[in-house]
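Below, each chain spelled out in residue letters.
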Amino acid sequence: MGSAITTLHITNIKKEIFEQKTISLEKQKELGEFEGFENIYIGYPKTTIEKLYTEKDLHYYKVLMSSDTIKEPIYVYWEGLEEPKITTLYQKVLNFFFAFNKDYSEIYIFSPRDISNLFIRRLRREKYISCNHIKFNFKKISELENMDSAWGVWEDHEGVERKRARFGKGINEIIDEKEYETITTIYMDYKYGAELIQLTLNVEGRISTTSKNISQTDIFVIFEEIREVLCE
């Protein structure tokens, strides 16, 4: 399954809320959350946060969160009959962890981007937190001592192609400094301990890997190594 971390800089936080043992978000119970009344029949989207422990200056929490309502067509095939299409409504149940640093100036969410973004939106709706992305400066990518090679990039592009991808081992060696300003994602091989793992870095301070051997602790250590070089 791999590991992922999204890191944000906190500009405002109701710290007393996160000192509670259990937190339940309430704003998402308002009707404004829903696109249609039919969503009510499968339940409100829920988010429950449990405070776990503090270790090495990090305050850890566990989250149980149901997704927003997903509408998905299901096709049923009958012999000799046209296929009827049924639209079903459901929610995914999501489990993940996050942590604050010692002074609550940063939040680290250990989940893929779409889950992290949904979680932060819900915290903002409650007015519990305000935060900004931590930006990676990709112009410094070649200064990463543990990078074996960058082998792919996604970049913003003008015209019909809004995004453009380029791939090839050592691609960081042929990209000039100005081009780095449009790059949003970099794929690389990275040396971590005795392993060579594949990392995906997003300019908004996100790191993920598909390696099954990389734990939540490992991805945080990797983030700290990389942010020392790439964060301005």
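Residues numbered from 1 in each chain as written. Predicted model: local features only at pLDDT ≥ 70, side-chain atom pairs only at ≥ 80, totals over all residues. Heavy atoms only, no water.

1. Observations concerning the layout of surface pockets
Stage number 1. Approximately 610 Å³ is the volume attributed to the largest pocket.
Stage number 2. Ala4, Ser111, Pro112, Arg113 and Ser208 are the residues nearest the centre of the largest pocket, which is lined by 29 residues in total.
Stage number 3. Secondary-structure elements contributing two or more residues to the lining of the largest pocket are strand S1 (3-13), strand S7 (93-100), helix H1 (113-125), strand S12 (183-192), strand S13 (195-202) and strand S14 (206-209).
Stage number 4. Of the residues that constitute the lining of the largest pocket, the class distribution is 13 nonpolar, 14 polar and two charged.
Stage number 5. Roughly 170 Å³ of volume is contained in the second largest pocket.
Stage number 6. Lining the second largest pocket are Tyr53, Glu55, Lys56, Leu58, Tyr60, Gln216, Thr217, Phe220 and Val221.
Stage number 7. Broken down by element, the lining of the second largest pocket gets its largest block of residues, four residues, from helix H2 (residues 216-230).
Stage number 8. Partitioning the lining of the second largest pocket into residue classes produces five nonpolar, two polar and two charged. (1 Å grid on protein atoms, 1.4 Å probe; cavity = no way out; pocket = protein on both sides within 12 Å on 5 of 7 lines; lining within 4 Å. Points joined across faces, edges and corners; volume = space filled by probe spheres on them. Helix = DSSP H or I, 4+ residues; strand = E, 2+ residues; numbered from the N terminus. Nonpolar A, V, L, I, M, F, W, Y, C, P; charged D, E, K, R; others polar.)

2. Considerations on the packing of aromatic side chains
Stage number 1. Under the counting rule described, the total for this entry stands at 17 aromatic pairs.
Stage number 2. Measuring from centroid to centroid gives 6.0 Å for Phe167 and Tyr187, while their planes differ by 35°, and the two rings are tilted. In this pair, Phe167 sits in strand S11 (residues 163-167) while Tyr187 sits in strand S12, placing the two residues 20 residues apart along the sequence.
Stage number 3. Members of the aromatic cluster, each reached through a chain of ring pairs, are Phe18, Tyr61, Phe96, Phe98, Phe100, Tyr104, Phe119 and Tyr128. (Phe/Tyr/Trp six-rings, centres within 6.5 Å; stacked < 30°, edge-to-face > 60°.)

3. Some details on the pattern of salt bridges
Stage number 1. The full count for this structure, using the stated rule, is six salt bridges.
Stage number 2. Ionic pairing is found between Asp148 and Lys169, a salt bridge with its closest N-O pair at 3.5 Å. Taken together, the positions of Asp148 in strand S10 (residues 147-156) and Lys169 in the loop between S11 and S12 put the pair 21 residues apart, joining distant regions of the chain. (Salt bridge = Lys/Arg side-chain N within 4 Å of Asp/Glu carboxyl O.)

4. Notes on H2
Stage number 1. Compared with the 21 Å implied by 1.5 Å per residue over 15 residues, the 21 Å span of H2 between its first and last C-alpha is a close match.
Stage number 2. The complete set of buried residues in H2 reads Asp218, Ile219, Phe220, Ile222, Phe223, Ile226, Arg227 and Leu230.
Stage number 3. Residues of H2 that are buried in the fold lie against S1, strand S4 (58-66), strand S8 (106-110), S12, S13 and S14. (Expected span 1.5 Å × (residues − 1). Buried < 20%, exposed > 50% of the residue type's maximum accessible area, 1.4 Å probe, protein only. Contact = heavy atoms within 4.5 Å.)

5. Details of the side chain of Thr209
Stage number 1. Along the chain, Thr209 turns up in strand S14.
Stage number 2. Given a relative accessible area of 6%, Thr209 falls into the buried group.
Stage number 3. Within the structure, Thr209 has its side chain in polar contact with the backbone nitrogen of Ser211 (distance 3.1 Å). (Polar contact = N/O pair within 3.5 Å; in protein donor to acceptor, adjacent residues only side chain to side chain.)

6. Regarding the nonpolar core
Stage number 1. In this structure, Phe138, Ile141, Met188, Leu201 and Ile226 are the most contacted members of the largest nonpolar core, which totals 35 residues.
Stage number 2. In terms of residue count, the dominant contributor to this core is H2 (six residues).
Stage number 3. Apart from the residues within four sequence positions on either side, Leu201 is in contact with Phe136, Phe138, Ile141, Thr184, Thr185, Ile186, Met188, Arg206, Ile207, Ile226 and Leu230. (Core = buried A, V, L, I, M, F, W, Y, C linked by side-chain atoms within 4.5 Å.)

7. Focus: the environment of Ile17
Stage number 1. Its location among the elements puts Ile17 in the loop between S1 and strand S2 (22-24).
Stage number 2. Classification of Ile17 as buried rests on a relative accessible area of 14%.
Stage number 3. Spatially, the C-alpha atoms of Ile17 and Tyr128 are 7.4 Å apart, while their sequence positions differ by 111 residues.
Stage number 4. Excluding anything up to four places from it in sequence, Ile17 contacts Ile23 and Tyr128.

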